[in-house]
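# Observations on the model geometry
Now for the letters of each chain:
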There are 2 protein chains.
Amino acid sequence: MSENKIPYKIYLEEQEMPKAWYNVRADMKNKPAPLLNPGTHEPMKAEELAGVFCEELIKQELDDTTPYFEIPEEIRDFYKMYRPSPLVRAYCLEKKLNTPAKIYYKFEGNNTSGSHKLNSAIAQAYYAKQQGLKGVTTETGAGQWGTALSMACSYFDLDCKVYMVKVSYEQKPFRREVMRTYGASVTPSPSPETEVGKKILAEFPGTTGSLGCAISEAVEAATTREGYRYVLGSVLNQVLLHQSVIGLETKAALDKYGIKPDIIIGCAGGGSNLGGLISPFMGEKLRGEADYRIIAVEPASCPSFTRGKYAYDFCDTGMVCPLAKMYTLGSSFIPAANHAGGLRYHGMSSTLSQLYADGLMEATSVKQTEVFEAAEYFARVEGILPAPESSHAIRVAIDEAKKCKETGEEKTIVFGLTGTGYFDMVAYERFHDGEMSDYIPTDEEIKACTDKLPVVE
Amino acid sequence: MSENKIPYKIYLEEQEMPKAWYNVRADMKNKPAPLLNPGTHEPMKAEELAGVFCEELIKQELDDTTPYFEIPEEIRDFYKMYRPSPLVRAYCLEKKLNTPAKIYYKFEGNNTSGSHKLNSAIAQAYYAKQQGLKGVTTETGAGQWGTALSMACSYFDLDCKVYMVKVSYEQKPFRREVMRTYGASVTPSPSPETEVGKKILAEFPGTTGSLGCAISEAVEAATTREGYRYVLGSVLNQVLLHQSVIGLETKAALDKYGIKPDIIIGCAGGGSNLGGLISPFMGEKLRGEADYRIIAVEPASCPSFTRGKYAYDFCDTGMVCPLAKMYTLGSSFIPAANHAGGLRYHGMSSTLSQLYADGLMEATSVKQTEVFEAAEYFARVEGILPAPESSHAIRVAIDEAKKCKETGEEKTIVFGLTGTGYFDMVAYERFHDGEMSDYIPTDEEIKACTDKLPVVE
């Protein structure tokens, strides 16, 4: 049986690592809807975006026809420090579940930022440096993106200013210190440092913040400083492009052993991990070369795919960003203080939204307590302590494996284990103490926010 | 140049992983001095140790002639979940230092326990399970060993009771929660739970604890409970045996590329990492097949090799353990509250002590601030956030690489990067805020403790 020869961890050789990122939009018949100017509702032009984003990144953002972008050598060298990441065969989990399913996970937590976010952070920092900028600003939810960007900026000697969602800032005191180790400055958001922050604080004095607020602040900070641009860790097309390295490695590792997955599962906040993981598989699906079940998993407390509207909306709470067409709960939606800070975003990547609208992928939502049950179960069996975000995918992977046990089907399940939970011990503590909320927004609460969506056309 | 072909990270294939541990004592002409019964001063017999340790582990502890012990298949399967660990070529560090030296590090932090400790934890838990025990007790300093043992016990469904040095318990609130995630109970030491803990608390009411105290408590807890034994994460011969997997993998990876190191560097607390890393290299040295400079690095605040006495001493503060001949500061020595909790031990492995006494290795000590400077420098260049313990080795590796820059020598330096610093952010914060102590014990303070060494023969 060749099956027996599959190791616990499949590592690609350095020379097998991807040399180009894959742009799934090139293979989409229905392209993602363009970003619109919030004033004119006309598609954003590169010139209009140039005050906010780096030039090279704008090209990547707007290009929906070029299938591959070469990865610059400096970025490939940096990737070599922590990539390829292992594709792990979850033998122990399979055994514990007593399932005929074959479970694999692509583990992106083996770097100091603790997550997949570094894949795009280093690319964005590289292009900022190439453009001769002084520094970048950004927001961070769980702190994974902020940490990744701090590392990347430190590597290229760029200044890094991070607005961190207040609830995460308070839950993760040590995250700030890691970013500081890498030389970044960190501000809890909303803050009185920006005009938009002041406005939000005045309107919602007790707010725990959201990614949407923090984005507004970071954009304002970038556009009001000389030599700075704004960078974002999710949602954007450019981010999905960089994150395609996850999927490309996963596919190369599977191909090496002749494995064809049946189900591919990823957690979804803004879509960075999911979009990256699925990209080459989705490409095959779009080109009619293969078929896969692809499942996005989101928190029940912030269910943009499963309960949101597919419409144009602001990417940020302060409404300073371009409009994007996406599944959204409304930019004024502030989710309950779920511990998966990285998934507390009101909208979803335009690319993934279009693919979902076209029926090319599924979506499901899971409750917080179920997620932590899966997280602890997985930690004990597979040894890795997962991030709450990643554990959304674990939950559904386990559920699918259990279904295989019932039906006797030997399905191959691949999921993205995006990061580690070392900085989430407050959340684990709440879970252990039975103090975890499973609050789910009511239809009225969602409607109150989606009713405020901007009217386009 | 074949040099160009060396990847950033050398991973062994699963089938190249060691199938047996190497027992360096088998090749030593001067064997390590035996453990003595603290009452009779006669060498401890297996029967006498049976109340404290697991039977199979006692055999390993006392055997100084068998060169290889086969690794049981269950342990090899567990190893496959997180091993082989990468041997990393520090290209970025070399470039930043502008040194002709070639620097490699064996990175043991890529598992949830965050350190090399898991290598021995899983072995000890396995033998405890084989013996039909209910559970084990132990001490932990930095929390790395306790976390590793919690994971291992969870895997084999054993109860796990951890006494954690108080200063670490307070500095690392989230460590407790990780252990809890794996089902362990954690008590700050000294505690009023044990007789020896009560005694120490009465004598030193404000004590921040030490590994020596915590060992006494854990031993008492094991010997006063039915179905429990005590396990230890360092110092003992059995631990060095299990940790030889680090050195064996390192040597196999180097051999694969025809690399011969000149200098091998490891941090030294009780000796678990250093003893494991150097074992196969020391074996060659003992058999006259090769020569290497081997350097132990210890904190200046707890300098057992460099300022201790080579004599019989108690392994624990409470003097309930057998006597071991080792470089020691005296079992009553309580080091300053250094942040490298894992190196705050008064003595050193008997095996390493004998090798050091025989001039087969060197030792040096470094101050805390210098260590954190090296840690932050390394983090920014190589991306990995190192544990304070590991950073002792980084400090000396950097210093040796700088010497190569001066002399122009292209030396090959290998060091052990034992773990990650995710749970050490309080220490990093103190460092950033300039609040880090560099206290070094005076000669009088050390003499006061070594004067109390037990008189043997």
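This report concerns the structure included in the present document. (Residues numbered from 1 in each chain as written. Chains lettered and ligands numbered in written order. Predicted model: local features only at pLDDT ≥ 70, side-chain atom pairs only at ≥ 80, totals over all residues. Heavy atoms only, no water.)

## Examining the relation of the copies chain B and chain A
- Expressed as a screw transformation, the operator carrying chain B onto chain A has a rotation angle of 180° and an axial translation of 0.0 Å, and the superposed copies differ by an RMSD of 0.0 Å. Here the copies are linked by what is in effect a two-fold axis.
- Looking at chain B, 100% of its interface residues are interface residues in chain A too, so the copies touch through the same face. (Least-squares fit on C-alpha atoms with pLDDT ≥ 70 in both. Contact = heavy atoms within 4.5 Å.)

## A look at the interface of chain B and chain A
- Facing the 43 residues of chain B at the interface are 43 residues of chain A.
- For the chain B and chain A pair, buried surface summed over both sides reaches about 4,100 Å², with 57% attributable to carbon and sulfur atoms.
- The largest per-residue losses of area from chain B upon contact with chain A belong to B:Phe174, B:Thr181 and B:Tyr422, which jointly make up 18% of the total buried on that side.
- Taken together, chain B and chain A are joined by four salt bridges.
- For B:Arg176, the salt bridge goes to A:Glu429, with nearest N and O atoms at 3.1 Å.
- Joining chain B to chain A, the criterion identifies 25 residue pairs in polar contact (both at pLDDT 80 or more).
- Listing elements by their share of the side of chain B that touches chain A, those giving two or more residues are α3 (73–82), α6 (144–156), α8 (173–181), α15 (368–382) and α17 (425–432) of chain B.
- No other element matches the six residues that α8(B) contributes to the side of chain B that touches chain A.
- For the side of chain B that touches chain A, the residue count by class is 21 nonpolar, eight polar and 14 charged. (Buried area = accessible area lost by both parts, 1.4 Å probe. Salt bridge = Lys/Arg side-chain N within 4 Å of Asp/Glu carboxyl O. Polar contact = N/O pair within 3.5 Å; in protein donor to acceptor, adjacent residues only side chain to side chain. Helix = DSSP H or I, 4+ residues; strand = E, 2+ residues; numbered from the N terminus. Nonpolar A, V, L, I, M, F, W, Y, C, P; charged D, E, K, R; others polar.)

## Topic: unusual backbone geometry
Residues and elements named next belong to chain A.
- Here Arg83 and Pro84 are connected by a cis peptide whose omega angle stands at -5°.
- Following the sequence through the fold, Pro84 ends up in the loop between α3 (73–82) and β4 (87–89).
- Despite not being glycine, His41 shows a phi value in the positive range, around 60°.
- By the secondary structure assignment, His41 is in the loop between β2 (20–22) and α1 (46–49).
- Among the residues examined, His41 registers a relative accessible area of 26% and is labelled partly exposed. (Buried < 20%, exposed > 50% of the residue type's maximum accessible area, 1.4 Å probe, protein only.)

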